[in-house]
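Observations on the three-dimensional arrangement
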Amino acid sequence: MAPFGRMMTAMITPMAADGAVDYDGAARLATYLVDDMRNEGLVVNGTTGEAPTTTDEEKERLVRVVLEAVGDRAKVVAGVGTNVTAHTIELARQAQNAGAHGLLVVTPYYSKPAQNALTAHFTAVADSTDLPIIIYDIPGRSGSPVRTETLVHLATHPNIIGVKDAKDDIGGTSHVMAATDLVYYSGTDMLNLPLLSIGACGFISVVGHVVGDRLLEMISAFEAGRTEDARRIHMEVLRVYDGIFRNQGVVMAKAAMDLLGLPGGPVRLPLLPASEAERMQLLDDLAAGGVKIP
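In this report, the structure presented in the accompanying data block is examined. (Residues numbered from 1 in each chain as written. Predicted model: local features only at pLDDT ≥ 70, side-chain atom pairs only at ≥ 80, totals over all residues. Heavy atoms only, no water.)

Considerations on the layout of surface pockets
The computed volume of the largest pocket comes to approximately 580 Å³. Where the lining of the largest pocket is concerned, the elements lending two or more residues are β8 (202-205), α11 (238-244) and α12 (249-259). Here the residues of the lining of the largest pocket sort into 15 nonpolar, nine polar and seven charged. Of the volumes computed, that of the second largest pocket is approximately 360 Å³. Along the wall of the second largest pocket there are 21 residues; nearest its centre are Thr-47, Pro-52, Gly-81, Val-106 and Tyr-109. (1 Å grid on protein atoms, 1.4 Å probe; cavity = no way out; pocket = protein on both sides within 12 Å on 5 of 7 lines; lining within 4 Å. Points joined across faces, edges and corners; volume = space filled by probe spheres on them. Helix = DSSP H or I, 4+ residues; strand = E, 2+ residues; numbered from the N terminus. Nonpolar A, V, L, I, M, F, W, Y, C, P; charged D, E, K, R; others polar.)

A few points about the pattern of salt bridges
Taken as a whole and judged by the stated rule, the model has 15 salt bridges. In this structure, Lys-254 engages Glu-50 in a salt bridge whose closest nitrogen and oxygen atoms are separated by 2.6 Å. Of the two residues, Lys-254 sits in helix α12 while Glu-50 sits in the loop between β2 (41-44) and α2 (56-70), which places them 204 residues apart along the sequence. Residue Lys-254 is classed as buried on the basis of its relative accessible area of 1%. Since its relative accessible area comes to 2%, Glu-50 is described here as buried. Notably, a salt bridge pairs Arg-232 with Glu-236, separated by 3.1 Å at the nearest N-O pair. (Salt bridge = Lys/Arg side-chain N within 4 Å of Asp/Glu carboxyl O. Buried < 20%, exposed > 50% of the residue type's maximum accessible area, 1.4 Å probe, protein only.)

Structural data, given as structure tokens:
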């Protein structure tokens, strides 16, 4: 039911003070996320990994480093989506050659393709690889939703197996679930529990950096029919959701890692790191959500 595990974190890309990728830090962070935060899978080179600002060479090395660190006990999915179909295909083949277990392909951003153009894009990428693909549907960033009828059509491709859903349209998602066998991962942390209730198999989370173990507990409680326990966990981590998304998720997730003494480091422009006021607010939010700060 969950091809890459139920609890997955969209992993940041740790960086050194000079902005270079910290590959040793990436291995350490991946190990922490799997062993301590109980993630069953990780997404590398997604938006939270600052994929728009990392090079193809950096992306490939990150996949290999994370696979070496945790690939024997967690699935590693590579983000390969861009707004250039040919480049996305290159990244998909690169990730496959590096050993990734699957691919995350975001809707082409800025270009705002029509629905038939989206179908052509995703089909071309799926035709180019043997790896299973999750479509990342996030119109708030891409500018274009993948509509219900488009997802139903794309579900007929054998390599397209699921959706990371950040469209925040539970009605539309329900219709796709009813009409296809696509697996759904929640891509909006605040909607993790509601999406479980309509059939999502798990989460691809940003707050999994700090409460992945509790989110896995939420999933397990829901699966066992202990819905009140799942609801309790949802309520307990609300302040964590608030804290991580007061600015861009990657900005605040890196700030959280720094506060916890874990690899994080700066972000690359056009993003800026969290301000001191944002870091202090984040401390309060994490503490209110039960995260222990050293």
